[in-house]
Amino acid sequence: MVDDSSPEPTPRALVSACLMGKACRYDGGHNRDQALESELAQEGLTPVPFCPEEHGGLSTPRPAAWIERDGAAAVLDGKSGLSTGDGTDVTAEFLAGAEGALELCKKEGITRAFLKERSPSCGVATTHVDGVAVSGPGVTAALLGRNGVNCTGVEGRRDDS
Ligand code: SF4
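Keep in mind that this is a model prediction, so the values were computed, not measured.

Caption draft 1: Here's a closer look at the site of the ligand. All residues in the neighbourhood of the ligand are listed as S16, A17, C18, C24, R25, C51, P52, E53, K116, S119, S121 and C122. The residue inventory of the shell around the ligand, partitioned by class, reads 6 nonpolar, 3 polar and 3 charged.

Pasting the structure below:
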């Protein structure tokens, strides 16, 4: 006999860890967004914090990095990369972080993500190319979007009052 008394599992959403208060930004800070925490609770979503850049093996703090040219789609297609201001190639680390995010979403059945705007990894509407903020997603948001995860950009640092 099937036991249907157990509660439905709470839907989960991937969230940039820095938005949840983890000090994983490149400069060692965070972007805790209390308004987002309230919004997720209202929607009945359990946040799953994840930092692609730390997952990809980069340390915190770390030098700022950006997409070299043409945007995140070109990175995913092997036609561009990412580097720091001193020219260090960090493409492999950013791709590993994006792939880790996608793997986690697949494993946990996650179909929504709330990601920090303007990051070269997490930005959804805005990212950094050649050191300048431009329209377009970061590498993680682009890979998640290609695979059907609904990504919402969050600026961060709002309080919930
Ligand atoms: S924006 Fe994304 S990659 Fe950058 S610190 Fe936050 S979670 Fe990590």
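Caption draft 2: Here's a closer look at the sheet that holds strand β8 (residues 150-154). Pairing within the open sheet is parallel, and its 4 strands lie in the order β2-β1-β5-β8. Strand pairing shows two members of the sheet lacking a second neighbour, β2 (46-50) and β8, which therefore form its edges. Pairs of neighbouring strands in the sheet enclose a mean axial angle of 25 degrees, with direction left out of account. Alignment of strand β5 (residues 112-116) against β8, held across 5 bridges, turns out to be parallel. Within β8, the residue paired with F114 across the bridge is T152.

Caption draft 3: Quick peek at the nonpolar core. If you look at the biggest cluster of nonpolar residues, it comprises 41 residues, and the most contacted ones within it are L14, A113, F114, L115, V139 and L144. Elements that contribute at least two residues to this core include exactly β1 (12-16), α1 (34-42), β3 (65-67), α3 (72-76), α4 (91-108), β5, α5 (139-146) and β8. Sort the elements by how many residues they give to this core and α4 lands first, with 6 residues. Once residues lying within four places of it in the same chain are set aside, the contact partners of L115 are S16, C122, V124, A141, C151, G153 and V154.

Each value, and the rule that gives it
Residues numbered from 1 in each chain as written. Predicted model: local features only at pLDDT ≥ 70, side-chain atom pairs only at ≥ 80, totals over all residues. Near = placed C-beta within 6 Å. Nonpolar A, V, L, I, M, F, W, Y, C, P; charged D, E, K, R; others polar. Pairing = 2+ DSSP bridges. Helix = DSSP H or I, 4+ residues; strand = E, 2+ residues; numbered from the N terminus. Axes fitted to C-alpha atoms, helices over the stretch in contact; angles between N-to-C directions. Core = buried A, V, L, I, M, F, W, Y, C linked by C-beta atoms within 7 Å. Buried ≥ 20, exposed ≤ 12 C-beta atoms within 10 Å, placed from the backbone. Contact = placed C-beta atoms within 7 Å.

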